[in-house]
Structure formats: structure tokens, C-alpha cells
Amino acid sequence: MKSKEQVLNQIRNQVLVSCQAYEPNPHATINDMVKMALAGQLAGCKGFRANHPDYVRAIRKAVGEEPVIIGIWKIHTPGNDVYITPTMQAVRELVDAGSDIIALDCTNRVNAYGKYCYDLIPQIKEEYPDIVIMADCSTYEEAKHAAELGADIVASTLSGYTEYTLDRYPLGTDFQLLKDMATIPNVFVLAEGRIWTREEAVTAFESGASACVIGTAITSPWMITDRFVKAVNKHFNR
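Residues numbered from 1 in each chain as written. Predicted model: local features only at pLDDT ≥ 70, side-chain atom pairs only at ≥ 80, totals over all residues. Heavy atoms only, no water.

Draft legend 1. Looking closely at the pairing of strand β4 (residues 101-105). Within β4, 5 of the 5 residues are buried, which leaves the element mostly enclosed by the surrounding structure. Residues Ile101, Ala103 and Asp105 of β4 are buried on one face, and the alternating residues Ile102 and Leu104, pointing to the opposite face, are buried as well. Summarising the sheet, strand β3 (residues 68-72) and β4 pair through 2 bridges and their orientation is parallel. Within β4, the position partnered with glycine 71 by the bridge is isoleucine 102. Handedness of the crossover is the feature at issue here: the chain leaves β3, passes through helix α4 (residues 88-97), returns alongside β4, and the resulting connection is right-handed. Summarising the sheet, β4 and strand β5 (residues 132-136) pair through 5 bridges and their orientation is parallel. Bridge assignment links alanine 103 to a residue of β5, and that residue is methionine 134. (Buried < 20%, exposed > 50% of the residue type's maximum accessible area, 1.4 Å probe, protein only. Helix = DSSP H or I, 4+ residues; strand = E, 2+ residues; numbered from the N terminus. Pairing = 2+ DSSP bridges. Right-handed = clockwise from strand over helix to strand, strands pointing away.)

Shown next, in the form of C-alpha cells:
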């Protein structure tokens, strides 16, 4: 297993690709997401984010041991929006599948089990001292709290997706949050969420990010096409 320092150094100042797709996306298969990862690797991508142990395992087998994999497991429970890696069992299965980094919801919201996911951080550190822990956050306060608990990476992933940050969603990438998170001592800042252009990726680094994850803008031909169609329809007022 790579050391934490090796993992962070490998993705520093790099672009990672989030290989996730869901119905009704026709590319919502393990085989398609493996192909997306291989395409990213061909382009020089140093790491990937994948949902579910089966996807992590398949991508790891395809890309080899060198690329970094951020493993998550979205376990949905009706009526609850806190679903990114909510249990220690999910963490264990993601580690066994080949994840170098485990990401979990570190927002100030209770999950379906009546707990805060960030409470898993000390347990992960004890059980897997070499695994990098990534906190998916929506505010500076959440990121600071996660860092204090021992998270190695804080990410802007959930800005615009929690009920108290919905106003940020239409604004696109939350560059201000990245700037704020960059003031937290001794933590690696990762930009993720609504990054659509090359210019936005560069701005994310200029805002203090140490790495950048891009998902839909690379791995979802359905949504990429949708943006073009909507732009043209708007031009023709239809």
C-alpha cells in the first residue's frame, strides 16, 4: 500500500476524473466507467473517483496499481440525503477493493443511522493508518472540523448540494470555498463540483486547490450533449 505522502504527492497539481454514471445515463455500467478511466489514464490523468466497491475493483484491475483511486459508496436511504460512505463496513469494502483514498460525507447532517459520517474519521485512522481520508464538505466550517478530526483532504464536493448551500449551486464551482479552505493549516484542498471548462479547472488551482476532480464534463456524453442542445434551443427561442 502506498503511504499517505506518496498518494498526496502523486495527485498534487493534477487532474483526476470521477468515473460515475447513473440511470438513465446509457453509460451507467462498470464496463463503460472502466473505459472512461482508461481514456483518462491515456490522457495522463493520475487518479480516479469511483462509486461502489465493484467499480473500484474493476477500475483498479484495468488501470493497474499506479493511479490513485478515491473510493466512495453511495448508500441511499429514502428520506435521507447523507449517503456518501456512511458506515465503517462500507469503508472496509472500499479499502479491500483497492481504494487509496476514502471519501465520506463530512457535512453537518445526520445520516440514516442517526450519526454524523465525520465521526468515522478517528476509527478509519485507527483501523487503516495508511489510508488517506477525504472529507466531502459544503462549507468552510465543515472542512475545518473534518481537518481537526484528522481528515487528510478537504473537498468542495457538496457545496450547492446541502439545504443550507443551495444558493451556491447556480453560481457554478465554489471558488470562494476553495480560497477559504486553503487557509486551514496542514490540509490538502481538493476542488470538485460543477467544473465544466479548462479555465474553471485552472481557476480552481489559482483559488488554492491542490488537486481537481472533474466528472460530468468528461464522463457523461449525455449531459455534455444536453448542454449544447439547450444552448442552441435558447438561441432559437424554443
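Draft legend 2. Structural view of the sheet that holds β5. Strand order in the closed barrel formed by 8 strands is β1-β2-β3-β4-β5-β6-β7-β8, and the pairing between neighbours is parallel. Ignoring strand direction, the axes of neighbouring strands in this sheet form an average angle of 25 degrees. As paired elements, strand β1 (residues 14-18) and strand β2 (residues 47-51) share 3 bridges and run parallel to each other. If you follow serine 18 over to β2, its bridge partner there is arginine 49. Sheet contacts for helix α8 (residues 198-206): β1, β7 (188-192) and β8 (211-214); angle to β8, the most-contacted strand, approximately 150 degrees. (Axes fitted to C-alpha atoms, helices over the stretch in contact; angles between N-to-C directions. Contact = heavy atoms within 4.5 Å.)

Draft legend 3. Structural view of the nonpolar core. One finds Cys19, Phe48, Ile59, Cys106 and Met181 to be the most contacted residues of the largest nonpolar core, which totals 55 residues. Tallying contributions element by element places α4 first for this core, with 6 residues. In this view, cysteine 106 contacts Tyr118, Ile121, Ala135, Asp136, Cys137, Glu142 and Ala146; residues no more than four positions away in its chain are not counted. Counting residues in hydrophobic clusters, the runner-up holds 19 residues, among them Ile11, Ile70, Ile101 and Leu190. (Core = buried A, V, L, I, M, F, W, Y, C linked by side-chain atoms within 4.5 Å.)

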